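# Results of the structural survey
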Amino acid sequence: MCALLSCQGLTKAFGAQTLFSDITLMLSPGDKAGLIGPNGSGKSTLLKILCGLEHADRGTVFVQKLIRISYVAQDDLFTEEASCTDNLFQAVRTLDIEEAEQYNRVQAMLSRAQFVDPLQPVHLLSGGWRKRLAICRALVTRPDVLIMDEPTNHLDIEGILWLENLLGATLPESPAAVLMVSHDRRFLENTVNRVIELAPIYPEGSFQVKGSYADFLEKKSDYLLQRQNLEERLANKVKRETEWLRRGPKARTTKAKYRIEEAGRLQEEFGEVRTRNRSAGQVGIAFEGTQRKTRKLLVAAAMAKGFHGPPLFSGLDITLTPGMRLGLLGRNGSGKSTLMHILAGASDPAGPKPDQGTVACAENVRIVSFDQRREQLDTSVTLRRALAPDGDSVIYHGQSQHVVTWAKRFLFRTDQLETPVERLSGGEQARILIARLMRQPADILLLDEPTNDLDIPSLDVLEESLSEFPGALVLVTHDRFLLDRVCNLVLGFDGQGHAEYFADYDQWLAMLQHQEKSEQKKAAAAVKEKPAAKPKTGKLSYMDQREYDQMEVTILAAESRLEELERLMNSPEVMANPTQLQQYWLEQQALQTEADQLYDRWDELEQRKQG
């Protein structure tokens, strides 16, 4: 099968730092590839090179003729004052298609993305809806290859589920191949059929596995074990050859010169393998608790909060105790970050307060918070000053550590210490903030989206550290894997002013699905309760009147089939059959669109009858 996009021998360096070297990969029709790797390994740069936005120092990129590539960057740039609709029209106007087709594509994408008000200016959108719009803008041009850099950043969990369904569906705008950078492990498992990791531990520069993310983890484990065994075998060989070289001159005749050369080659190979095996460092994350014995660290009762409208939540009770790890779930804008700000200011008399209810802390309780906006990070200073603001050392666990040692704990190189923070990657900036948190002993740890931009190895260590934190933890994250591993209780916001406790993420998701079914049933019941249409003459034409008389039966049939499809898609047999699940999902999308059109048509005929 001919590759749509490929590269051979790509190498890229910035100054003395080599991001990657001799990278070779290809994207063929049907590929859905996930690109992973440590922060600073060059993933984003590689995507830009493949899209023609940057140049490699060495190597070649091959693109099949007439192939269209769409790119979704980490930063979403739009015409801010223009509407969502207008921003999509800007993308399709460059295409050689008729205006009617442009209109149809834009409206179809906005409908699939579930935009309630497509005429809303972009600058009023939340981060999650901006990301949806960026993905729609990339797809509306009907690309052959879709390339995305961290597409789940800023999406809430429902947005991530929407993107998973979109990538799994066969739609007119579906690309032939997808390549995306992501650190969301559950998202990767649900969407990709191929995984590519960039890392210096691989002699070829990358490790590529066809299959799911779980398949990749299994084969990577086998590969690393083989490399470890190779290191041990080479170590034994080098030891034997070195002992031979140390014997007397009689043992080293001219005929044995090849053994001397072979010993030198073995030492070089052993050194290279050993260096690569040691290059997969892990960030040293370990949050420090105060070890206080107070049972109730924070108690909030009957809290309510809103902004110029209905409350985001009301009647909310929270009790935080040592060892409690509470996850907050809900749509963007449902009140999670607002609650975090209230909790963060609980020990400050001037901090934000709920509109109703009370918040009380134990005496001298220490609350440490991580804000997803990262406004507290001064990007104009150097890495050295960001890590050690008061000199060349930091105090951690009551002991002084030199800034060089402290930097290495977070996988920063010594030659990076004088680099301005603004030139570091998003993941490296996140590690600076985590380093700052670790120097502050806490009773209550508040983390609002700490996983954004962190690489997978750092996420693994973060999970372990949070699980071992002795104080109380409140965590806002869209990383479902992290939620499952760390949190022992979940507080779910429904976006309608209510919040309820759940055992885990799956229980909360089941509640959302049940809520959607209930709303569909109410809509169907409203149709059934609607008085039977009485024929009237003079208001509608004969054909319109006939259509109106049959509308109720048609809508009920559509609603009934939608309920049946929902039941089928949630059955274990269908969920285990991706092909069948996709067929049902496509039918559901088409039928939902048809039902919406039926309701619109019914309203139109109703108004004409009454007019």
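Described below are features of the structure shown in this document. (Residues numbered from 1 in each chain as written. Predicted model: local features only at pLDDT ≥ 70, side-chain atom pairs only at ≥ 80, totals over all residues. Heavy atoms only, no water.)

## Let's talk about the sheet that holds strand E12 (residues 325–329)
Pairing is mixed in the open sheet, where six strands are placed in the order E14-E17-E18-E12-E19-E20. Only two strands of the sheet have a single neighbouring strand rather than two, namely strand E14 (367–370) and strand E20 (499–502). Ignoring which end each strand starts from, the neighbouring axes of this sheet average 15° apart. Across four bridges, E14 lies against strand E17 (residues 444–448) in parallel orientation. From the neighbouring strand, Phe-370 faces E17, where its bridge partner is Leu-447. Where helix H9 (residues 336–344) meets the sheet, it contacts E12, E14, E17, strand E18 (472–476) and strand E19 (489–493), and its direction lies at approximately 150° from that of E17. Packing of helix H12 (residues 426–438) onto the sheet brings it into contact with E14 and E17, and relative to E14 it is tilted by some 180°. (Pairing = 2+ DSSP bridges. Helix = DSSP H or I, 4+ residues; strand = E, 2+ residues; numbered from the N terminus. Axes fitted to C-alpha atoms, helices over the stretch in contact; angles between N-to-C directions. Contact = heavy atoms within 4.5 Å.)

## As for the packing of aromatic side chains
Evaluation of the coordinates by the stated rule reveals 10 aromatic pairs. Measuring from centroid to centroid gives 5.0 Å for Phe-207 and Tyr-223, while their planes differ by 35°, and the two rings are tilted. Here Phe-207 is found in strand E9 (residues 206–210), whereas its partner Tyr-223 is found in helix H7 (residues 213–245), with 16 residues between them in sequence. Considered together, Phe-207 and Tyr-223 belong to a single accessibility category, that of buried residues. When the centroid spacing of 6.0 Å and the interplanar angle of 70° are considered together, the rings of Phe-313 and Phe-493 count as edge-to-face. Here the residue Phe-313 occupies a position in strand E11 (residues 311–320), and Phe-493 occupies one in strand E19, the gap between them amounting to 180 residues. Across this residue pair, the class does not change: Phe-313 and Phe-493 are buried. Put simply, the rings of Tyr-202, Phe-207, Tyr-213, Phe-216 and Tyr-223 touch in pairs and so form one group of aromatic residues. Of note, Arg-431 hangs over the ring of Phe-412, and the distance from its end group to the ring centre comes to 4.9 Å. (Phe/Tyr/Trp six-rings, centres within 6.5 Å; stacked < 30°, edge-to-face > 60°. Buried < 20%, exposed > 50% of the residue type's maximum accessible area, 1.4 Å probe, protein only. Lys NZ or Arg CZ within 6 Å of the ring centre and 35° of its normal.)

## Thoughts on the nonpolar core
Counting 57 residues, the largest nonpolar core has Phe-115, Leu-133, Ile-135, Leu-146, Met-148 and Leu-163 as the members making the most contacts within it. At six residues, the largest contribution of residues to this core is made by helix H4 (residues 127–139). In this structure Leu-133 touches Phe-78, Cys-84, Leu-88, Phe-115, Val-122 and Leu-125, once residues within four positions along its chain are discounted. Counting 47 residues, the second largest nonpolar core, distinct from the first, contains Phe-412, Ile-432, Ala-442 and Leu-509. (Core = buried A, V, L, I, M, F, W, Y, C linked by side-chain atoms within 4.5 Å.)

## Describing the pairing of E17
Counting buried positions over the five residues of E17 gives five, a clear majority of the element. On E17, burial covers both faces: Ile-444, Leu-446 and Asp-448 on one face and Leu-445 and Leu-447 on the other are all buried. Direction of pairing for E17 relative to E18: parallel, over a ladder of five bridges. Bridge pairing in E18 places Leu-446 opposite Val-474.

## A short note on empty space enclosed by the protein
For the structure shown, the criterion picks out one cavity of 30 Å³ or more. The calculated volume of the largest cavity comes to roughly 160 Å³. Every residue lining the largest cavity is counted, 17 residues in all, and those nearest its centre are Thr-152, Asn-153, Asp-184, Thr-451 and Asn-452. (1 Å grid on protein atoms, 1.4 Å probe; cavity = no way out; pocket = protein on both sides within 12 Å on 5 of 7 lines; lining within 4 Å. Points joined across faces, edges and corners; volume = space filled by probe spheres on them.)

## Things to note about helix H3 (residues 99–112)
Here H3 spans 20 Å end to end across 14 residues, near enough to the 20 Å set by a 1.5 Å rise per residue. Here H3 has its buried residues at Gln-102, Arg-105, Val-106, Met-109 and Leu-110. Seen along its axis, H3 keeps its buried residues to an arc of 125°; they face one direction. Among the structural elements, helix H2 (84–92) and H4 are those in contact with the buried residues of H3. Where H3 ends, the next residue or the one after it, Gln-114, has phi of about 65°, a positive value. (Expected span 1.5 Å × (residues − 1). Arc of directions from axis to C-beta.)

## Some points on the side chain of Asp-31
Mapped onto the elements of the fold, Asp-31 is located in the loop between strand E2 (17–27) and strand E3 (32–36). The class for Asp-31 is buried, based on a relative accessible area of 13%. Polar contacts involving the side chain of Asp-31 include one to the main-chain amide nitrogen of Ser-28, which spans 2.9 Å. Those residues in contact with Asp-31, other than ones at most four positions away along the chain, are Met-26, Ala-176, Ala-177, Val-178, Asn-193 and Arg-194. (Polar contact = N/O pair within 3.5 Å; in protein donor to acceptor, adjacent residues only side chain to side chain.)

## As for the packing of H2 against H4
Relative to each other, H2 and H4 sit at 30°, their axes nearing to 9 Å. Taken together, the axis directions place H2 and H4 in an arrangement best described as roughly parallel. Regarding H2 and H4, the two cross each other, and that crossing is right-handed. Here H2 contributes Cys-84, Asn-87, Leu-88 and Ala-91 to the contact with H4, which in turn contributes Leu-133, Cys-136 and Arg-137. Residue composition of the contact of H2 with H4, by class: five nonpolar, one polar and one charged. (Parallel < 35°, antiparallel > 145°, perpendicular 65-115°, else oblique. Left-handed = near helix turned anticlockwise from the far one by under 90°. Nonpolar A, V, L, I, M, F, W, Y, C, P; charged D, E, K, R; others polar.)

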